[in-house]
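# Summary of structural features
Chain residues, written in single-letter form:
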Amino acid sequence: MDTMKDWFGLANAHTDFFVNNETDRRVLFARSELNSQLQSRLARCFRTSYPPKMVLYGNWGAGKTHTMRHVEYELEQNQNYKARTFFAELPDVTKKSTFQVAHAAFMDCMSQDNVRRWFSLYHAKKAQDTEELVRKFTQSGDIAKAFMSLLLPGEGARIAWDWLRGIELKSADARTVGLPTCLEQSTQLVAVLRMIGLIVSEIEDRVLIWLLDEAEKLKDVTDGIPHWTASLRHLSDVQNRQLGFIIAASFRDLDDGPDALVDLQVRTRIGETNYLQLPDFQADQAEEFCKALLADWIDPQIRDQIIKSYPAELDGDRADPQLFPFTDKGFEKFVNDICLREGSTNPRGIQQEMDAAFNRAMDDKRHILSRDYLDSAAV
């Protein structure tokens, strides 16, 4: 069977025209203004040792996850940004869910092994002062005891880890390590995360940054809203210099966002300018996105050979290599059609339309899509 990769000469590991949020994160297609805003905010943060705290929002399909993955790539690759990033998707929530759901997801991303290793190095550095330093920073003797219990062998470390994740312990397990059955207060959960951030800073000289996706799920929370609001307020506060975050959520306007995420107590601490919207594309932005995608996806040598091999498929249009597998007029029609259909479009919509058009072309044994072909195919 013919593959799309061979038919249109796709480069590298691409097998279709869909962007993979992880493997394609180095490129931020068409969002040049947004990219400048992101780079500016990141630079400001690392100039002042104040971790980034941002919210990315927009319609479904606007590219929020890919944008966040791109930020993750920049934080990892840019030597000026000393960051330790962890990406998590907000798990399913119910109306009664509290911030513990997100807290546990972030702890799991970091992993018990990593946190235990960091804390062991921190303890070796601080020696007999470790427990008192943790107690003073977190304002909790129980949290200090739990961190120290991570150094225990066997079940003791596992029980302490579950407690630090906010999991309710069995009474017998709690007695084993001398802890209450549950860590549940918003201030305490945030204190655990900040403490880990402080440890990472001390051990690795890096800022701990949490990337949380799918935060629109918070709209399903009703009873737990106060706990989320309080937790996000503590995380967003200027006093929290140990942990940064970038949150992505699908909603059109700030007034439509989940209550806890757009609460004024949270918004004023994050800063209105750090709520970055990813608007849908108008025709010029859709054109920019398509050109950037094609330029990155197509192998130039195979492209040139295909154009040379199928001149009749141009149907009198010009073969602009940068627009392949479209002709110049075919590309213009494709972009105009997808925008006129709904008035605007977005990255997901463009990729779906490309996939439909190119699969139809393969069915029709076409390697090049001219304006005449697109008119006749009604793609």
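Everything below is about the structure printed above this text.
This write-up is about the structure you can find in this document.

Rules behind the numbers
- Residues numbered from 1 in each chain as written.
- Predicted model: local features only at pLDDT ≥ 70, side-chain atom pairs only at ≥ 80, totals over all residues.
- Heavy atoms only, no water.
- Pairing = 2+ DSSP bridges.
- Helix = DSSP H or I, 4+ residues; strand = E, 2+ residues; numbered from the N terminus.
- Axes fitted to C-alpha atoms, helices over the stretch in contact; angles between N-to-C directions.
- Contact = heavy atoms within 4.5 Å.
- Core = buried A, V, L, I, M, F, W, Y, C linked by side-chain atoms within 4.5 Å.
- Buried < 20%, exposed > 50% of the residue type's maximum accessible area, 1.4 Å probe, protein only.
- Salt bridge = Lys/Arg side-chain N within 4 Å of Asp/Glu carboxyl O.
- Phe/Tyr/Trp six-rings, centres within 6.5 Å; stacked < 30°, edge-to-face > 60°.

## Brief notes about the sheet that holds strand β1 (residues 53–58)
The sheet built from five strands is open, its strands ordered β2-β3-β4-β1-β5 with parallel pairing. The strands lining the two open edges of the sheet, one partner per strand, are β2 (83–89) and β5 (275–278). Each strand of the sheet is rotated relative to its neighbour by a mean of 15 degrees, with strand direction disregarded. Relative to β5, β1 runs parallel, the two being bridged by four bridges. When the bridges of β5 are listed, Tyr 57 appears paired with Gln 277. Along the sheet, helix α4 (residues 100–110) contacts β2, β3 (207–213) and β4 (243–250); its crossing angle with β2, the most-contacted strand, is approximately 125 degrees. The strands that helix α11 (residues 225–236) touches are β1, β3 and β4; relative to β4, the one it contacts most, it runs at about 130 degrees.

## Thoughts on the nonpolar core
Core analysis: the largest hydrophobic core is formed by 63 residues, its most contacted members being Phe 99, Met 110, Phe 147, Ile 196, Trp 210 and Trp 228. Apart from residues no more than four positions distant in its own chain, Trp 228 is found in contact with Leu 90, Val 93, Ser 97, Thr 98, Phe 99, Ala 102, Leu 218, Val 221 and Ala 260. Trp 7, Phe 281, Phe 289 and Ile 368 belong to the second-largest nonpolar core, a separate cluster that totals 39 residues.

## Things to note about the pattern of salt bridges
Scanning all chains against the criterion turns up 27 salt bridges. Across the pair Arg 158 and Asp 162 runs a salt bridge, and its minimum N-O distance is 3.0 Å. Linking Arg 158 with Asp 162, this pair stays in helix α8 (residues 155–164), spanning four residues, or about one helical turn. Taking relative accessible area as the criterion, Asp 162 reaches 16% and is therefore assigned buried. Across the pair Asp 315 and Arg 366 runs a salt bridge whose closest N-O atoms are separated by 3.1 Å. With Asp 315 in the loop between α15 (300–309) and α16 (328–342) and Arg 366 in the loop between α17 (347–363) and α18 (371–377), this pair connects stretches of sequence that are 51 residues apart. Here Arg 366 falls in the buried class, since its relative accessible area comes to 15%. Overlapping salt bridges, with partners in common, bring together Asp 108, Glu 155, Arg 158, Asp 162, Arg 165 and Asp 173 in one network.

## A look at α8
Of all the ten residues making up α8, eight are buried; the element is thus mostly covered by neighbouring parts of the structure. Inspection of α8 places Gly 156, Ala 157, Ile 159, Ala 160, Trp 161, Asp 162, Trp 163 and Leu 164 among the buried residues, and these make up the whole buried set. Just beyond α8, the residue with positive phi is Gly 166, at close to 90 degrees.

## Here we look at the packing of aromatic side chains
Scanning the entire structure with this criterion turns up 16 aromatic pairs. Aromatic pair Phe 99 and Trp 228: ring centres 5.6 Å apart, planes at 85 degrees, arrangement edge-to-face. Taken as a pair, Phe 99 in the loop between β2 and α4 and Trp 228 in helix α11 lie far apart in primary sequence, 129 residues in all. For Trp 228, a relative accessible area of 2% translates into the label buried. Between Phe 119 and Phe 147 the ring centres are 5.4 Å apart and the planes differ by 40 degrees, which places this aromatic pair in the tilted class. Of the two residues, Phe 119 sits in helix α5 (residues 112–126) while Phe 147 sits in helix α7 (residues 141–149), which places them 28 residues apart along the sequence.

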